[in-house]
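A structural walkthrough
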Amino acid sequence: MTDAESTFEGIDAGEGLNGRRFVIGLYLALVTITATMGAILSVVLTEVETSLTLFGFISLPPTAAGFALYGGLTVGAILGVPLLAMFYLSEKR
């Protein structure tokens, strides 16, 4: 591959952000946004008095931290397990 072939519309493919780093950054951004939205949702839902149940056995209080943990951990697990499987299988090639 020549230097002219390693660029795509002026972007150097050899430097900076690679695909794996981008996917991990996107994953962390989505988990952070979900946790933030969970904390904001706790402000809107003030009449919730029962505890939140995470994964069927972890009890979380209905506070801003509880809602943030619930949202972040749920989305983190739902997106993280297939992501880890994809990284593992991509190394097996």
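Up top is the structure these notes are about.
Residues numbered from 1 in each chain as written. Predicted model: local features only at pLDDT ≥ 70, side-chain atom pairs only at ≥ 80, totals over all residues. Heavy atoms only, no water.

Quick notes on the overall build of the chain
Note the cut-off: Helical segments are the DSSP runs of H or I of at least four residues, strand segments are the runs of E of at least two, and each set is numbered from the N terminus. With a 1.4 Å probe rolled over the protein chains alone, any residue whose accessible area is under 20% of its type maximum counts as buried; one over 50% counts as exposed, and the rest are partly exposed. The Shrake-Rupley method, run with a 1.4 Å probe sphere, supplies the accessible areas, and residue values consider only the shown protein chains as cover.
A tally of helices and strands in the chain yields two helices and four strands. In the chain, the succession of helices and strands from N to C terminus is β-β-α-β-β-α. Taking all 93 residues of the chain together, the buried fraction comes to 16%. A total of about 7,100 Å² of accessible surface is found on the chain, and carbon and sulfur atoms cover 68% of it.

Here we look at the packing of helix 1 (residues 19-44) against helix 2 (residues 64-91)
Formally: In this analysis an axis means a line fitted to C-alpha atoms, helices contributing only their contacting stretch, and an angle means the value between N-to-C directions, from 0 to 180 degrees. Any angle that is under 35 degrees is reported as roughly parallel, and any over 145 degrees as roughly antiparallel; angles of 65 to 115 degrees are reported as roughly perpendicular and all others as oblique. For any helix crossing, the convention is left-handed if the near helix is rotated counterclockwise from the far helix by under a right angle, and right-handed if that rotation is clockwise. Note on residue categories: nonpolar means Ala, Val, Leu, Ile, Met, Phe, Trp, Tyr, Cys or Pro, charged means Asp, Glu, Lys or Arg, and polar means any other residue, Gly included.
Following both chains from N to C, one finds helix 1 and helix 2 inclined at 160°, their axes separated by 6 Å at the closest point. With respect to their mutual orientation, helix 1 and helix 2 come out roughly antiparallel. Handedness of the helix 1/helix 2 crossing: right-handed. A per-class count over the contact of helix 1 with helix 2 returns 16 nonpolar, eight polar and two charged.

Notes on helix 1
Here is the rule we go by: Between the first and last residue of a helix there are one fewer steps than residues, each counted as 1.5 Å, and that sum is the expected span. Two residues form a contact once any of their heavy atoms are found within 4.5 Å.
For helix 1, which comprises 26 residues, the first-to-last C-alpha distance of 37 Å matches the rise-based estimate of 38 Å (1.5 Å per residue) to within 8%. Of all the positions in helix 1, only Val31, Gly38 and Ser42 are classed as buried. Elements in contact with the buried residues of helix 1: helix 2.

Some details on helix 2
Spelled out, the test is: Axes are fitted to the seven residues ending at a residue and to the seven starting at it; the angle between these axes is taken as the bend at that residue.
Taking 1.5 Å per residue as the helical rise, helix 2 with its 28 residues ought to reach 40 Å, and the 39 Å between its terminal C-alpha atoms agrees with that figure. Most pronounced at Gly80, the bend in helix 2 amounts to some 30°, and the proline Pro82 follows within four residues. Gly66, Phe67, Ala68, Gly71, Gly72, Gly76, Gly80, Leu83 and Phe87 are the residues of helix 2 that are buried. Those residues of helix 2 that are buried are in contact with helix 1, strand 3 (52-54) and strand 4 (58-60).

Description of unusual backbone geometry
A positive phi is found at Phe55, a non-glycine position, where the angle reads about 60°. Within the secondary structure layout, Phe55 lies in the loop between strand 3 and strand 4.

Concerning the packing of aromatic side chains
As a reminder, the rule being used: Aromatic rings from Phe, Tyr and Trp, taking only the six-membered ring of Trp, are treated as a pair when their centres fall within 6.5 Å; an angle between ring planes under 30 degrees marks them as stacked, one over 60 as edge-to-face, and anything in between as tilted. Lysine NZ or arginine CZ positioned within 6 Å of the ring centre and within 35 degrees of the ring normal marks a charge as sitting over the ring.
Counted by the stated rule, this structure contains zero aromatic pairs. In this structure, Arg20 packs its charged tip against the face of Phe87, placed 4.3 Å from the ring centre.

A short note on the side chain of Ser42
Here is the rule: Pairing of N or O atoms within 3.5 Å defines a polar contact, subject to two protein rules: one partner must be a possible hydrogen donor and the other a possible acceptor, and residues neighboring in sequence count only if both atoms are side-chain atoms.
With respect to the helices, strands and loops of the structure, Ser42 is situated in helix 1. Judged by its relative accessible area of 12%, Ser42 falls in the buried class. Within the structure, the side chain of Ser42 is placed 2.6 Å from the backbone oxygen of Ala39, a separation counted as a polar contact. Discounting residues that sit within four places of it in the chain, Ser42 has contacts with Thr63, Ala64 and Phe67.

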